[in-house]
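These are the residues of each chain, in order.
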Amino acid sequence: MAVLKVKFTKTKRDKLAQILWILNWVSVVSGIILFSLGLFLKIEIKKRNEVMAKGDINSVPNMLISVGVIACIINFLGGKICYDCSDANKFSRWKLVMLPYIVCTFCFTFCILVGALMCYTMRNELEESLYLGLRDAIKFYKDTDIPGRCFLKKTVDLLQIGFRCCGNNGFRDWFEIQWVSARYLNMASKEILDRLKSNVDGKFLVDGVPFSCCNPSSPRPCIQYQLTNNSAHYNYDFLTEELNIWMKGCREALLDYYTAIMRYIGIAALLIWLFELSVLIGVRYLQTAMKNVLLLGDLEGESDGWLLENSFVETAKYNINIIKNLGKANQISTVSGMNDPNINIQNTDCDKTNITTKSIPAAR
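Residues numbered from 1 in each chain as written. Predicted model: local features only at pLDDT ≥ 70, side-chain atom pairs only at ≥ 80, totals over all residues. Heavy atoms only, no water.

A. Region of the structure containing the overall build of the chain. Across its full length, the chain carries eight helices and two strands. Secondary structure elements in the chain, listed N-terminal to C-terminal, are β-α-α-α-α-α-α-α-β-α. Within the chain, the proportion of its 364 residues that are buried is 37%. Contacts spanning at least 24 positions in sequence make up 73% of the contacts within the chain whose residues lie at least 6 apart. Surface summary for the chain: the accessible area is close to 22,900 Å², and the carbon and sulfur share equals 60%. (Helix = DSSP H or I, 4+ residues; strand = E, 2+ residues; numbered from the N terminus. Buried < 20%, exposed > 50% of the residue type's maximum accessible area, 1.4 Å probe, protein only. Contact = heavy atoms within 4.5 Å. Areas by Shrake-Rupley, 256 points an atom, 1.4 Å probe, with all protein chains shown as cover.)

B. Molecular detail of the packing of aromatic side chains. Summed over the entire model, instances satisfying the criterion amount to ten aromatic pairs. An angle of 55 degrees between the planes, with centres 6.1 Å apart, marks the rings of phenylalanine 8 and tyrosine 285 as tilted. Here tyrosine 285 lies in helix α7 (residues 250-296) and phenylalanine 8 lies in strand β1 (residues 6-8), a separation of 277 residues in the sequence. We classify phenylalanine 8 as buried; its relative accessible area is 9%. Classification of tyrosine 285 as buried rests on a relative accessible area of 12%. Ring centres 5.3 Å apart and planes at 80 degrees place the aromatic pair phenylalanine 163 and tyrosine 257 in the edge-to-face group. Within this pair, whereas phenylalanine 163 is found in helix α5 (residues 152-163), its partner tyrosine 257 is found in helix α7, the two being separated by 94 residues in sequence. The exposure class of tyrosine 257 is partly exposed, given its relative accessible area of 27%. Taken together, the aromatic side chains of Tyr141, Trp174, Trp179 and Tyr225 make up a single cluster linked through ring pairs. Here the guanidinium or amino end of arginine 149 rests over the ring plane of phenylalanine 140, the centre of that ring lying 3.8 Å away. (Phe/Tyr/Trp six-rings, centres within 6.5 Å; stacked < 30°, edge-to-face > 60°. Lys NZ or Arg CZ within 6 Å of the ring centre and 35° of its normal.)

C. Layout of the packing of helix α4 (residues 123-139) against α7. It is at 10 Å that the axes of α4 and α7 come closest, and there the two elements cross at 145 degrees. Seen along the crossing, α4 lies across α7 with a hand that is right-handed. Across the interface between the two elements, Arg123, Leu126, Glu127, Leu130, Tyr131 and Leu134 of α4 pack against Cys250, Arg251, Leu254, Leu255, Asp256, Tyr258, Thr259 and Met262 of α7. Tallied by class, residues from the contact of α4 with α7 come to nine nonpolar, one polar and four charged. (Axes fitted to C-alpha atoms, helices over the stretch in contact; angles between N-to-C directions. Left-handed = near helix turned anticlockwise from the far one by under 90°. Nonpolar A, V, L, I, M, F, W, Y, C, P; charged D, E, K, R; others polar.)

D. Layout of the pattern of salt bridges. Tallied over the full model, the rule gives twelve salt bridges. Between arginine 135 and aspartate 136 there is a salt bridge, with its nearest N and O atoms 3.6 Å apart. Its relative accessible area of 31% is what places aspartate 136 among the partly exposed residues. One connected set of salt bridges, linked through shared partners, spans Glu44, Lys47 and Arg48. (Salt bridge = Lys/Arg side-chain N within 4 Å of Asp/Glu carboxyl O.)

E. Representation of the state of the cysteines within the structure. Evaluation of the coordinates by the stated rule reveals three disulfides. One disulfide bridge connects cysteine 165 with cysteine 250, the sulfur atoms lying 2.1 Å from each other. Every disulfide takes its handedness from the sign of the S-S torsion; for cysteine 165 and cysteine 250 that torsion is 85 degrees, giving right-handed. Placement of cysteine 165 in the loop between α5 and α6 (190-198) and of cysteine 250 in helix α7 is noted, with a sequence separation of 85 residues between them. Cysteine 250 carries the same exposure label as cysteine 165, and that label is buried. Shown here for the chain is a disulfide pattern of 1-6, 2-3, 4-5, where each number marks a bonded cysteine counted in sequence order. (Disulfide = S-S within 2.5 Å.)

F. Structural detail: the UniProt feature "transmembrane region" (unreviewed entry) in the chain. The UniProt feature table records "transmembrane region" (unreviewed entry) at residues 20-40, 60-78, 98-120 and 264-286. Segment residues 60-78 splits into 100% helix and 0% strand. End C-alpha atoms: 26 Å apart. Secondary structure within residues 264-286 divides into 100% helix and 0% strand; the distance between the first and last C-alpha atoms comes to 33 Å. (UniProt positions renumbered as here; feature names shortened; annotations may be inferred.)

G. Region of interest: the confidence of the model for the chain. For the chain, per-residue confidence averages 82 on the pLDDT scale, and 85% of positions sit at 70 or higher. Taken element by element, the predicted model of the chain shows its lowest mean pLDDT in helix α8 (residues 312-324) (70) and its highest in α5 (94). Across residues 332-345 the pLDDT falls below 50, and counting only partners more than four positions away or on other chains, this stretch makes one contact in the model. For the stretch residues 347-364, pLDDT sits under 50, and the model shows zero contacts to residues farther than four places along the chain or on other chains. (pLDDT = per-residue confidence, 0-100.)

H. Quick look at empty space enclosed by the protein. By the definition in use, this model includes one cavity of 30 Å³ or more. Put simply, the largest cavity is a space of about 40 Å³. Along the walls of the largest cavity sit Asn24, Asn75, Tyr101, Thr105, Glu276, Val279, Leu280 and Val283, which together make up its complete lining. For the lining of the largest cavity, the secondary-structure elements that each account for two or more residues are α3 (88-121) and α7. Of the residues forming the lining of the largest cavity, the biggest block, four residues, is contributed by α7. (1 Å grid on protein atoms, 1.4 Å probe; cavity = no way out; pocket = protein on both sides within 12 Å on 5 of 7 lines; lining within 4 Å. Points joined across faces, edges and corners; volume = space filled by probe spheres on them.)

Structure below.
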């Protein structure tokens, strides 16, 4: 029994073909949108690749870009097919093409769904990439005179100012590294020498942060050095007073930023998937209705259209049997109880004759 069978008159078939022709052109625009969203996400990731570790974070934008290009090609072809399907004579040239086209389009719409879901599952990979990338960027913040790292100070400062953040997980990350270059330390100062000697690794560690961590909205002048020393500042309490530096870590700030972008992209991809799926269903109805018209021989009469010619269970069993029988085409079938004469032929030794001869009895 056919699934979701609908009866179509010639007028309904013509209208369905015209509507699908328009919707396929709209789908071309949706493919351009997918391509643009993937390109936008790729550019946004590229902007801050200095603070990201190498990983699979580009898989989502690459997926969206690829799906967008394929959408334009498939829907352009679909528009041509639906336009010709308004004429039964023109439909004949697409008769053998439409079913493979529908199958390929179904796989393509599934890829759109996968791309949309990947936007929501990318957070863990992105978080790890940001953590490792920011850790290294902060570690090499002071290396302004080393090729390949001289840009990191500017990158981190602009990042902290733009995203209103400080450090990787928070401002305390700056306490654990030497972020002041040795070329700007007065080695004749006893205080600096004592601080260097007090550290096992010989690093100049201070309870301070770069200027880019300062919050300009704070009414108090920025306190970026000796943050934990209450006596170093007038009317200051490190434990109770709200510090006038950014409290949020840059990893959290960037993660929130990219998560919001991917959330909106994921919603757009899901809507496009639903739209493409509805167009695919319409094309399937048009294909089956036009096919039945040709079988009936009455081009002006009514015809049935459906999603599946048989039930879901029967269709699944049929496809499973096809898959099972794919590898049996080259196998040699044998009849039960009989052996193939070309198999298991015994070898004979041509140099020796093992024929048993019987003596002929003498005549009496």
